[in-house]
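Spelled out from the first residue to the last, the chains are:
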Amino acid sequence: MSNLTVTHRAPLWLFGVVLALIAAKGIEVVGTLRETALYQEFALPFSPTVRIAFDGFWLIALLFLMIGLWRRSTWAYHWCAPLLTLYAISHMLWQLLFFRADFDRGRLLFQIGISVVLLIPLWLWVWTRRR
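No experiment lies behind these values; they were computed from the predicted model shown.

Helix and strand counts for the protein come out as five helices and zero strands. What you see in the protein, going N to C, is helices and strands ordered as α-α-α-α-α. The 131 residues of the protein split such that 37% are buried. For the protein, the proportion of contacts with a sequence separation of at least 24, taken over those separated by at least 6, is 69%. Surface summary for the protein: the accessible area is close to 8600 Å², and the carbon and sulfur share equals 71%.

Put into structure tokens, the structure is as follows:
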């Protein structure tokens, strides 16, 4: 990828969304690290290490995206919508695979709806910028 920069800045709402996701991932990683012993007492379908690795990967990816958007890097503008779409899909798959409670599974349709509502403006912004 080139190190070219774009002349326009990403919208503030996009910075807010990415920053909120970074904060959520950071809280999940720290919470899982703090409660690892408690998680091991329960019969969870995943280990705390897998949870930390999954959340840690997304924390690092979103940090790189935020830095790229802040620096107006071309790669960040190119990969922003696909990366956030992949983030939403991966979290829905995580919930589908590992959540056992009916309450948690019942949230899946709600999360799909919220993800679509949040991703539509992002893809519209990307589409208008590419024209």
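This part takes up the packing of helix H3 (residues 48–70) against helix H4 (residues 74–98). Where H3 meets H4, the axes come as close as 10 Å, and the angle between the chain directions of the two elements is 160°. Taken together, the axis directions place H3 and H4 in an arrangement best described as roughly antiparallel. Remark: the crossing between H3 and H4 carries left-handed chirality. Contacts from Val 50, Arg 51, Phe 54, Asp 55, Trp 58, Ala 61, Leu 62, Phe 64, Leu 65, Gly 68 and Leu 69 of H3 reach H4 at Trp 75, Ala 76, Tyr 77, Cys 80, Leu 83, Leu 84, Leu 86, Tyr 87, Ser 90, His 91 and Trp 94. By residue class, the composition of the contact of H3 with H4 is 17 nonpolar, three polar and two charged.

Below, the discussion takes up the nonpolar core. The tendency in soluble globular proteins is for nonpolar side chains to be buried side by side. By size, the foremost hydrophobic cluster in this structure holds 31 residues, and its most contacted members are Leu 14, Val 18, Leu 65, Leu 69, Leu 84 and Leu 122. For this core, the secondary structure elements donating two or more residues are helix H1 (12–34), H3, H4 and helix H5 (102–130). For this core, the element with the most residues is H4, which contributes ten residues.

Turning next to the pattern of salt bridges. Within the structure shown, the criterion is met by four salt bridges. With a closest N to O distance of 2.7 Å, Glu 28 and Lys 25 form a salt bridge. With a gap of three residues between them, Glu 28 and Lys 25 both fall in helix H1, about one helical turn apart. Owing to a relative accessible area of 1%, Lys 25 belongs among the buried residues under this scheme. Here Arg 51 makes a salt bridge to Glu 28, at a shortest N to O gap of 3.1 Å.

A contiguous nonpolar surface patch, about 610 Å² in accessible area, is contributed by Leu 109, Ile 112, Val 116, Ile 120, Leu 124 and Trp 127. Of note, Ile 120 is situated in helix H5.

Now for the packing of aromatic side chains. Taken as a whole, this structure holds five aromatic pairs when the rule is applied. The interplanar angle of 75° and the centroid separation of 5.6 Å between the aromatic rings of Phe 15 and Trp 70 together place this pair among those described as edge-to-face. With Phe 15 in helix H1 and Trp 70 in helix H3, this residue pair connects regions lying 55 residues apart in the sequence. With centroids separated by 5.1 Å and ring planes inclined at 75°, the aromatic side chains of Phe 57 and Trp 58 adopt a geometry described as edge-to-face. Every member of this aromatic cluster is reached through a ring pair, and the members are Phe 57, Trp 58 and Tyr 87. Looking at Arg 9, its charged tip hangs above the ring of Trp 70, at a distance of 4.9 Å from the centre.

What counts, and where the lines are drawn
- Residues numbered from 1 in each chain as written.
- Predicted model: local features only at pLDDT ≥ 70, side-chain atom pairs only at ≥ 80, totals over all residues.
- Heavy atoms only, no water.
- Helix = DSSP H or I, 4+ residues; strand = E, 2+ residues; numbered from the N terminus.
- Buried < 20%, exposed > 50% of the residue type's maximum accessible area, 1.4 Å probe, protein only.
- Contact = heavy atoms within 4.5 Å.
- Areas by Shrake-Rupley, 256 points an atom, 1.4 Å probe, with all protein chains shown as cover.
- Axes fitted to C-alpha atoms, helices over the stretch in contact; angles between N-to-C directions.
- Parallel < 35°, antiparallel > 145°, perpendicular 65-115°, else oblique.
- Left-handed = near helix turned anticlockwise from the far one by under 90°.
- Nonpolar A, V, L, I, M, F, W, Y, C, P; charged D, E, K, R; others polar.
- Core = buried A, V, L, I, M, F, W, Y, C linked by side-chain atoms within 4.5 Å.
- Salt bridge = Lys/Arg side-chain N within 4 Å of Asp/Glu carboxyl O.
- Patch = residues over 30% accessible without salt bridge, like charges linked within 9 Å, V, L, I, M, F, W, Y side chains within 5 Å.
- Phe/Tyr/Trp six-rings, centres within 6.5 Å; stacked < 30°, edge-to-face > 60°.
- Lys NZ or Arg CZ within 6 Å of the ring centre and 35° of its normal.

Treat this as a map of the structure, not an account of what it does.
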